[in-house]
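# Descriptive structure summary
One letter stands for each residue in the lines below.
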Amino acid sequence: RDDDDINDVASMAGVNLNEESARIMATNSDLVGTQIQSCKDEPFLAAVPLHKRILETAKKLGITDVPAEVVTFISHATQNRLRAVLEKVTVITQHRMESYKDDEWYEQATDVRSQLKFFEQLERLEKQRKDEQEREILLKAAKSRSRQEDPEQARLKQKAKEMQQQELAQMRQRDANLTALAAIGPRKKRKLDAPGLLSIGGEGVGVCGGSQAGLGTASPRQYPRQKITRVNLRDFIFYMEQEREMSHSLLLYRALLK
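In what follows, the accompanying structure is described. The shown structure was predicted, so the numbers you read here are calculated from the model rather than taken from an experiment. Counting starts from 1 at the beginning of each chain's written sequence and moves along it residue by residue. In keeping with the predicted nature of the model, local features appear solely for residues at pLDDT of at least 70, side-chain atom pairs appear and are counted solely at 80 or more, and the whole-chain, interface and lining totals rest on all residues. Each side-chain value is derived from all of the structure's non-hydrogen atoms; neither hydrogens nor water enter the calculation.

## Side note on the overall build of the chain
Counting secondary structure elements, the chain contains eight helices and two strands. Helix and strand definitions follow DSSP, with helices as H or I runs of at least four residues and strands as E runs of at least two, each counted in order from the N terminus. Taken from N to C terminus, the helices and strands of the chain fall in the order α-α-α-α-α-α-β-β-α-α. Looking at the chain as a whole, 10% of its 258 residues are labelled buried. Considering only contacts within the chain whose residues lie at least 6 apart along the sequence, 46% involve residues at least 24 apart. Under the scheme applied here, a residue whose accessible area is under 20% of the maximum for its type counts as buried, over 50% as exposed, and between as partly exposed, the area being computed with a 1.4 Å probe on protein chains only. The contact rule is simple, with two residues in contact once any of their heavy atoms fall within 4.5 Å.

Next comes the structure, spelled out in structure tokens:
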């Protein structure tokens, strides 16, 4: 198309693209065709043990010499493979940890945790009822004044006596704990941020504690909490089951046996 085309924004602005391209090439002519490397190419794995391991495998195939470039290439390939595996397993773990409680398109059908708490509460109430019945039997046996006591009655009286002593010891321990807490006094909250220099909007603002009024108090410094993704063996097993190369591998079967 011609430069005077109405759809050509560069020509409408008075910019000649051919002249600008020639000027750029003339300015950076010394950089064209050169390779710039900002850092040293360091292998991911240790070169000496890796080279030794490669030579041991190569000798079985009739190869006696392995150049250093092969070792570097295998090291970088291992790094890329490990990075790809970790990325996929991380996605699997994030999907496993994803919660749908706040999603409006999902509704909760069952709550296993509440059911378990309900059963635990039933067991606790049943145990409490049995303890109360046993306590009443022991108290009745302790209050009985029959002259001819059988061994069972004597055993119940001894057990009732031990129960009363245990309850008395628990009451004394509770009273001692309350007395110690009262002597210590109310617990003071730990200060999260010491008085110092607080940065707001790139400017330093001095914050002093004590009896000085009008300066205000600084809020605790909020540190960004780093989100940690914890990968377990089940995530790796799921990943290996989805991979074509590892779905029938010996490593997968060993992981399933653990």
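Now, onward.
## A closer look at the environment of Ser-247
Checked against the element boundaries, Ser-247 lands in the loop between α7 (233–242) and α8 (250–257). Spatially, the C-alpha atom of Ser-247 lies 9.2 Å from that of Ile-237, the residues being ten residues apart in sequence. Apart from the residues within four sequence positions on either side, Ser-247 is in contact with Met-240, Glu-241 and Leu-252.

## Here's the deal with a nonpolar patch on the surface
Nonpolar side chains (Val, Leu, Ile, Met, Phe, Trp, Tyr) are joined into patches within 5 Å and like charges within 9 Å, using only residues with over 30% relative accessible area and no salt bridge. In short, Shrake-Rupley with a 1.4 Å probe defines the accessible areas, and a residue's cover is counted only from the protein chains shown. Each reported salt bridge corresponds to a side-chain nitrogen of Lys or Arg within 4 Å of a carboxyl oxygen of Asp or Glu. A cluster of nonpolar side chains, namely Phe-44, Leu-45, Leu-82 and Leu-86, defines an oily patch on the protein surface of about 320 Å² accessible area. Counting through the fold element by element, Leu-86 comes out in helix α4 (residues 68–97). Using a relative accessible area of 44% as the deciding quantity, one classes Leu-86 as partly exposed.

## A look at the nonpolar core
Grouped together as the largest cluster of nonpolar side chains are nine residues: Val-85, Val-89, Ile-92, Ile-237, Tyr-239, Met-240, Met-246, Leu-252 and Ala-255. At the level of secondary structure, the elements contributing two or more residues to this core comprise α4, α7 and α8. Apart from residues no more than four positions distant in its own chain, Leu-252 is found in contact with Ile-237, Met-240, Glu-241, Met-246 and Ser-247. Nonpolar core, defined: a set of buried Ala, Val, Leu, Ile, Met, Phe, Trp, Tyr and Cys residues in which side-chain atoms within 4.5 Å join the residues together.

## Points about the pattern of salt bridges
Inspection of every chain in the model, using the stated rule, returns five salt bridges. Ionic pairing is found between Arg-96 and Asp-235, a salt bridge with its closest N-O pair at 2.9 Å. Here Arg-96 is found in helix α4, whereas its partner Asp-235 is found in helix α7, with 139 residues between them in sequence. You can call Arg-96 partly exposed: its relative accessible area is 33%. For Asp-235, a relative accessible area of 2% gives the class buried. With a closest N to O distance of 3.3 Å, Lys-127 and Asp-131 form a salt bridge. Taken together, the positions of Lys-127 and Asp-131, both in helix α5 (residues 112–143) and four residues apart, correspond to about one turn of that helix. By relative accessible area, Lys-127 is classed as exposed at 54%. Residue classification places Asp-131 among the partly exposed positions, given a relative accessible area of 37%.

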